[in-house]
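Listed here are the chains, written in short residue letters.
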Amino acid sequence: MKVKRYVVNALPEALPMIRNELGVDAIILNTKEIRVGGFLGMFGKKKTEVIAAIEAGSQSAPTPKSPPRPQPAKQPTVSPSMMASIASMASTAVAEQQIAKEKPTRQDAAVHNAPEVPAGARVSPAATYEARIAVQQPQSGVENRKPRLTEEELIAEIRDMKQWIVRMSKQQKLETRPEALQGLQERLLEQEVSQKLIDKLIEEIEEKLELTDRSPQTTAVDRLTVWRIAEQILLEWLKDFEASVIGRETQVIHFVGPTGVGKTTSIAKLAAEQTLKSGRKVGFITSDTYRIAAVDQLRTYATILNVPLEVVFSPSEVARAFKQLEDRELIFMDTAGRNFRNELYVSEVNSLLQSDRRSETFLVLSLTGKFADMSSVAENFAKYGIDRVLYTKQDETNACGAILNLAMEQGLRPTYIAYGQTVPDDITTFKVSTYVSQLLGDSQ
């Protein structure tokens, strides 16, 4: 087999050259675009490389009259350069097949539907050219087609861009704010107040400052003025969250909450207050049979306060316990601490809270906990109408912003704040003015 390579501007230009040099029986093995010349691989001219071949011993022109004398078949000689060319063409064909498998295009149907060429049949250069043009034209169109974004991807990119612009705008606005407002924001961040509430508070402060002082020199606003306005706004936000003491009409108070938040100790504090200060007849019910010595702890408080205690192990025993304590004016019911981020446990403990008497339910949360966990627990209990919260362990943390977050975002009403282990002293009703002062701290 004789193989020859041609470098031309276009494939039609190579056809007469192949016909003249190799004859009409020559076939085109491969064509591809290459770049010639240039500098360091750049600025080269686009050319077309054509590989043509003809079988050894074939004639380029028809022989006259008598047929050729049969001769013994000879093995074709293949030079090293020819082997390299054939190997290169084979690897190119394999690569093209792999790409075609990974990226199916419309030309696949044309290729598969084309009639098969019988083995040994001769293919003219014109037919080869037409076949290659038919395959390469749609392929080049597919390769040059740019991928288009879907509607969801476009909306996501626009949303990300909008969020980035908002963040940059807030950052620039923060840097231009007066030093007093920046100090207020730092204080509220230390108290773990949510960024959404901080932004809302500062915006209202800026509106009030514009009303009281229309001069453009807002940087002259002093810290004391900012703190005073912030206090006024927070008091207005929380005016409906002022807690009241346990009313005489309340007959049952249930205590629910995660493990280790101080439910049993809080019950003892409130029971002592109602027994010693209000003179009411108090009783205890506990269903906390999961924790070791939980019943013993509450029994110890019951003995000290001289109040009866009933233990229940299932919801069916709750009615029996209330029957035993029907002479009591106020009953405190303790429940087991569980992972109340799981709504299944919330539903389970809610089955214990049914009572024919006038009752209230306190969700007990520790201020030392993570706000995300507190919010998740509170959200699950809110589905059952529980919106009153008793906060514990205030003495173990300097941050109390979670109270404001839960009040403003989920409408949870603070009832009591516990700040120590001493029974019955270390507990007090929630007072808005006291809380706001603690939240803002000293303005100096």
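Residues numbered from 1 in each chain as written. Predicted model: local features only at pLDDT ≥ 70, side-chain atom pairs only at ≥ 80, totals over all residues. Heavy atoms only, no water.

### Remarks on the sheet that holds strand β1 (residues 2-8)
Strand order in the open sheet formed by three strands is β1-β3-β2, and the pairing between neighbours is antiparallel. Of all strands in the sheet, those bounded by a partner on one side alone are β1 and β2 (27-36). Geometrically, the sheet is characterised by an average inter-axis angle of 20° between neighbouring strands, direction not taken into account. Sheet strands in contact with helix α1 (residues 11-22) are β1, β2 and β3 (45-54), and its direction is about 145° off that of β1. (Pairing = 2+ DSSP bridges. Helix = DSSP H or I, 4+ residues; strand = E, 2+ residues; numbered from the N terminus. Axes fitted to C-alpha atoms, helices over the stretch in contact; angles between N-to-C directions. Contact = heavy atoms within 4.5 Å.)

### Focus: the nonpolar core
If you look at the biggest cluster of nonpolar residues, it comprises 47 residues, and the most contacted ones within it are Leu184, Leu201, Ile205, Leu238 and Tyr391. For this core, the elements supplying multiple residues, two or more each, are α6 (179-190), α7 (195-212), α8 (223-237), β8 (359-366), α13 (371-382), β9 (388-392), α14 (401-410) and α15 (432-440). A per-element tally of this core places α8 first, with seven residues. Discounting chain neighbours no more than four positions away, the residues touching Tyr391 are Leu365, Leu367, Met374, Ala402, Ile403, Leu406, Pro414, Tyr416, Ile417 and Ala418. Core analysis: the second largest hydrophobic core is formed by 25 residues, Phe255, Ile267, Val282 and Phe332 among them. (Core = buried A, V, L, I, M, F, W, Y, C linked by side-chain atoms within 4.5 Å. Buried < 20%, exposed > 50% of the residue type's maximum accessible area, 1.4 Å probe, protein only.)

### Let's talk about the environment of Leu11
Following the sequence through the fold, Leu11 ends up in helix α1. Along the primary structure Leu11 and Lys47 are separated by 36 residues, whereas in three dimensions their C-alpha atoms are 9.5 Å apart.

### Considerations on the sheet that holds strand β10 (residues 413-418)
On the basis of which strands lie adjacent, the open sheet formed by eight strands has the order β6-β5-β7-β4-β8-β9-β10-β11 and mixed pairing. Lying at the two open borders of the sheet, with one neighbouring strand each, are β6 (309-311) and β11 (427-429). Geometrically, the sheet is characterised by an average inter-axis angle of 25° between neighbouring strands, direction not taken into account. Lying on the sheet, α14 is in contact with β8, β9 and β10; it crosses β9 at an angle near 170°.

### A short note on the environment of Val432
By secondary structure assignment, the location of Val432 is in helix α15. With a relative accessible area of 4%, Val432 lands in the buried category. Sequence separation between Val432 and Leu238 is 194 residues; the distance between their C-alpha atoms is 6.6 Å. Leave out the neighbours within four places in its chain, and Val432 touches Leu235, Leu238, Phe241 and Glu242.

### Quick word on the packing of aromatic side chains
The geometry of two aromatic rings is summed up by the distance between their centres and the angle between their planes. As enumerated under the stated definition, the model contains five aromatic pairs in all. For the ring pair Phe255 and Phe332, a centre distance of 6.0 Å and an interplane angle of 35° mean the geometry is tilted. Remark: Phe332 occurs in strand β7 (residues 330-334) and Phe255 occurs in strand β4 (residues 252-256); sequence separation between them is 77 residues. Comparing Phe255 with Phe332, the two get one shared label, buried. An aromatic cluster is present here, built from Phe255, Phe284, Phe332, Phe362 and Tyr416 joined pairwise through their rings. Of note, Lys200 hangs over the ring of Trp237, and the distance from its end group to the ring centre comes to 5.0 Å. (Phe/Tyr/Trp six-rings, centres within 6.5 Å; stacked < 30°, edge-to-face > 60°. Lys NZ or Arg CZ within 6 Å of the ring centre and 35° of its normal.)

### Observations regarding the pattern of salt bridges
Under the criterion given, the structure shown has 10 salt bridges. The residue Asp296 makes a salt bridge to Arg299 at a minimum N-O spacing of 3.4 Å. Residue Asp296 and its partner Arg299 are located together in helix α10 (residues 294-305), separated by three residues, close to a single helical turn. The class for Asp296 is partly exposed, based on a relative accessible area of 46%. According to the relative accessible area criterion, Arg299 is partly exposed, its value standing at 40%. In this structure, the salt-bridge partner of Asp327 is Arg328, at a minimum N-O distance of 3.4 Å. Put simply, Arg5, Lys32 and Glu49 are held in one network by salt bridges that share partners. (Salt bridge = Lys/Arg side-chain N within 4 Å of Asp/Glu carboxyl O.)

### A short note on the pairing of β10
Burial analysis of β10 places five of its six residues in the buried class, the great majority of the element. Where β9 meets β10, four bridges bridge the pair, whose relative direction is parallel. Within β10, the residue paired with Tyr391 across the bridge is Ile417. Taking the sense of rotation as the criterion, the β-α-β connection linking β9, α14 and β10 turns out right-handed. Summarising the sheet, β10 and β11 pair through three bridges and their orientation is antiparallel. Each bridged residue has a counterpart across the sheet, and for Ala418 the counterpart in β11 is Ile427. (Right-handed = clockwise from strand over helix to strand, strands pointing away.)

### Topic: α10
Taking 1.5 Å per residue as the helical rise, α10 with its 12 residues ought to reach 16 Å, and the 17 Å between its terminal C-alpha atoms agrees with that figure. Restricting attention to buried positions, one finds in α10 the residues Ala294, Val295, Leu298, Tyr301, Ala302 and Leu305. End-on, the buried residues of α10 take up no more than an arc of 125°, which puts them together on one face. Turned more than 90 degrees away from the buried face of α10, the exposed residues are Thr303 and Ile304. Buried residues in α10 make contact with α9 (263-277), β5 (282-286), β6 and β7. Just downstream of α10 lies Asn306, where phi reads positive at about 60°. (Expected span 1.5 Å × (residues − 1). Arc of directions from axis to C-beta.)

### Things to note about unusual backbone geometry
The linkage connecting Val423 with the following residue, Pro424, adopts the cis geometry, with an omega of 5°. In this structure, Pro424 sits in the loop between β10 and β11.

### Some thoughts on a negative patch on the surface
Residues Glu151, Glu152, Glu153, Glu157 and Asp160 make up a contiguous surface patch of negative charge. Tracing the backbone shows Glu151 in helix α5 (residues 151-175). (Patch = residues over 30% accessible without salt bridge, like charges linked within 9 Å, V, L, I, M, F, W, Y side chains within 5 Å. Areas by Shrake-Rupley, 256 points an atom, 1.4 Å probe, with all protein chains shown as cover. Lys, Arg positive; Asp, Glu negative; His and termini not counted. Charge placed at Lys NZ, Arg CZ, Asp CG, Glu CD.)

### Thoughts on the packing of α9 against α10
Taken N-terminus to C-terminus, the directions of α9 and α10 make an angle of 10°; their axes are 10 Å apart at the nearest point. Comparing the axis directions of α9 and α10 gives the class roughly parallel. Between α9, through Thr264, Thr265, Ile267, Ala268, Ala271 and Ala272, and α10, the contact on the second element is made entirely by Gln297, Leu298, Tyr301 and Leu305. (Parallel < 35°, antiparallel > 145°, perpendicular 65-115°, else oblique.)

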